[in-house]
Each structure stands twice: as structure tokens, then as C-alpha cells.
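What follows is each chain in one-letter form.
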Amino acid sequence: GESAKEARMLENLSVVYRLTDRPAEAINMSQQAISIYDGLGTTDAQPSAFLNLGSAYRAAEQPSDAIATYTRGLYLYRQAADTTGERIILSLLADVHADQENYTQSIAYQRQVLAIAQQTSDQQAQAEARSELGYAHIVLGEYPEAIIHFEMSLTLFQRLGDRAKEVAIFSNLGRAAALS
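Cut-offs applied
- Residues numbered from 1 in each chain as written.
- Predicted model: local features only at pLDDT ≥ 70, side-chain atom pairs only at ≥ 80, totals over all residues.
- Heavy atoms only, no water.
- Helix = DSSP H or I, 4+ residues; strand = E, 2+ residues; numbered from the N terminus.
- Buried < 20%, exposed > 50% of the residue type's maximum accessible area, 1.4 Å probe, protein only.
- Contact = heavy atoms within 4.5 Å.
- Areas by Shrake-Rupley, 256 points an atom, 1.4 Å probe, with all protein chains shown as cover.
- Lys, Arg positive; Asp, Glu negative; His and termini not counted.
- Charge placed at Lys NZ, Arg CZ, Asp CG, Glu CD.
- Core = buried A, V, L, I, M, F, W, Y, C linked by side-chain atoms within 4.5 Å.
- Axes fitted to C-alpha atoms, helices over the stretch in contact; angles between N-to-C directions.
- Parallel < 35°, antiparallel > 145°, perpendicular 65-115°, else oblique.
- Left-handed = near helix turned anticlockwise from the far one by under 90°.
- Nonpolar A, V, L, I, M, F, W, Y, C, P; charged D, E, K, R; others polar.

Colleague: Whenever I open this one, the overall build of the chain confuses me. Can you help?
Modeller: When helices and strands are tallied, the chain shows nine helices and zero strands. For the chain, the succession of helices and strands along the chain, N to C, is α-α-α-α-α-α-α-α-α. Overall, the chain is about 55 × 30 × 25 Å in size when its C-alpha atoms are taken along their principal axes. Among the 180 residues that make up the chain, the fraction classed as buried is 42%. Taking as baseline every contact in the chain between residues at least 6 positions apart, the subset at least 24 positions apart corresponds to 48%. Working note: accessible area of the chain is about 9100 Å², and carbon and sulfur atoms make up 49% of it. Of the charged side chains in the chain, 14 are positive and 22 negative, and the gap between their average positions amounts to 4 Å.

Below, the structure is given as C-alpha cells:
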């Protein structure tokens, strides 16, 4: 109905505001969308609204609100058995923890991302997750683990023909090897 369309429009506005560096407006739009979904008693569209709200909180440099909001969205994606949404929001949770230099927790989330990517045979997502894991292990000084993830990521990016990512991985792989 009209209310669901209005909620989707508010979600889209939230993204525009976040991308134009207006996180307060983005937060407001996402909260309004969630409120409409709550009023409709629908949960199928809600996870994306929580994803958008979490991203707006992250843009506003409110990491604890971002984590709480992403966690709620994760729960909803899991309830809906939406593995793509689940993988995306787990990756965002990993990123926000990395922003806070909580690399151990970031790694825990990225491992879940990798597991879903493997279960769904998504090579691009596997390569990205391995790259992120490699980076987190470098920061923690765990160079052998970083090298393993970068090598696996490199193989996947080569298979996918992604030359730009391949170059970036070679750079990180060289850095990890030099530091080990």
C-alpha cells in the first residue's frame, strides 16, 4: 500500500542524505521508515531499514548505535532466511568494529561473512572477506594468517578477472611478507 511505498521512499532518502554527508537527516528518514513498518506490522522490508539506519549512525560517528542497529537488522535478516542480507550486514558489523580498532571482533564477523559466501558459492564475497581478514590479521601482527587469507583472496580475484583488486592484494601480500 501507500504506507509501504512511503517507507521505501524514506529509506531511499536516508541513503541520499547519508551519501551527501547529512547523517542526522539520514537517521531521521530511516527512523521514520522503521516506524511506518512497525505500524504496518511487516518485518519483510524492515531489515533494509535497519541496515540503512545503522549506516547512517556509522556516518554520524555513533558506533554503538550503529552496532545495536545492525544487530537488530541481522536478527531480522536471519528470521527471513535472507543470506545475502545477512552477509552484507555481518560485513558492516565487521567494518564498524574495525573502525573502532576492535579487530578481534571484526575478524569474528568476517569469518561469518566468509562462511555464508562459501555456503552460497559467492566467489566475489569470499575474495572480499578473505581480503578483509588478511588486513585485520596484519593489524594484529598475525602475519602468517594474513598471508594465507591474502593468497586465497588473490586466487579468487584472479579467477574472477578483477585486476584492480588483484593489484591491491599483491600490495597487501607484499606488506605482510615483509613484516613477517
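Continuing now.
Colleague: It is not clear to me how the nonpolar core should be interpreted in this structure. Could you clarify?
Modeller: If you look at soluble globular proteins, the nonpolar side chains tend to sit buried side by side. Counting residues in hydrophobic clusters, the biggest one holds 36 residues, and the most contacted among them are Tyr70, Ile89 and Leu90. Those elements that place two or more of their residues in this core are α1 (2–19), α2 (23–40), α3 (46–59), α4 (63–79), α5 (83–99), α6 (103–119) and α7 (123–139). Ranked by residues supplied to this core, first place goes to α2 with seven residues. Leu90 has contacts with Leu74, Arg78, Tyr109, Gln112, Val113 and Ile116, leaving out every residue within four places of it along the chain. Counting residues in each nonpolar core, the second largest holds eleven residues, with Ala127, Ala146, Phe150 and Ile169 among its members.

Colleague: It is not clear to me how the packing of α6 against α7 should be interpreted in this structure. Could you clarify?
Modeller: How two helices sit against one another is set out by the angle between their axes and by the gap between those axes. Direction vectors running N to C along α6 and α7 enclose 160 degrees, while the axes themselves pass 9 Å from each other. By the angle class used here, α6 and α7 are roughly antiparallel. Crossing angle aside, the handedness with which α6 passes α7 is left-handed. Only Ala125, Gln126, Ala129, Arg130, Glu132, Leu133, Tyr135, Ala136, His137 and Val139 of α7 make contact with α6, whose side of the interface consists of Tyr103, Ile107, Gln110, Arg111, Val113, Leu114, Ala117 and Gln118. Among the residues forming the contact of α6 with α7, the class breakdown is eleven nonpolar, four polar and three charged.

Colleague: Any chance you could explain the environment of Thr155 here in plain terms?
Modeller: By the element assignment, Thr155 lies in helix α8 (residues 143–160). Once the C-alpha coordinates of Thr155 and Phe170 are considered, the two residues, 15 residues apart in sequence, prove to be 11 Å apart.

Colleague: Sorry if this is basic, but what is going on with the side chain of Ser55 here?
Modeller: Its place among the elements puts Ser55 in helix α3. What Ser55 contacts, discounting residues up to four positions off in sequence, is Arg18, Tyr70 and Leu92.

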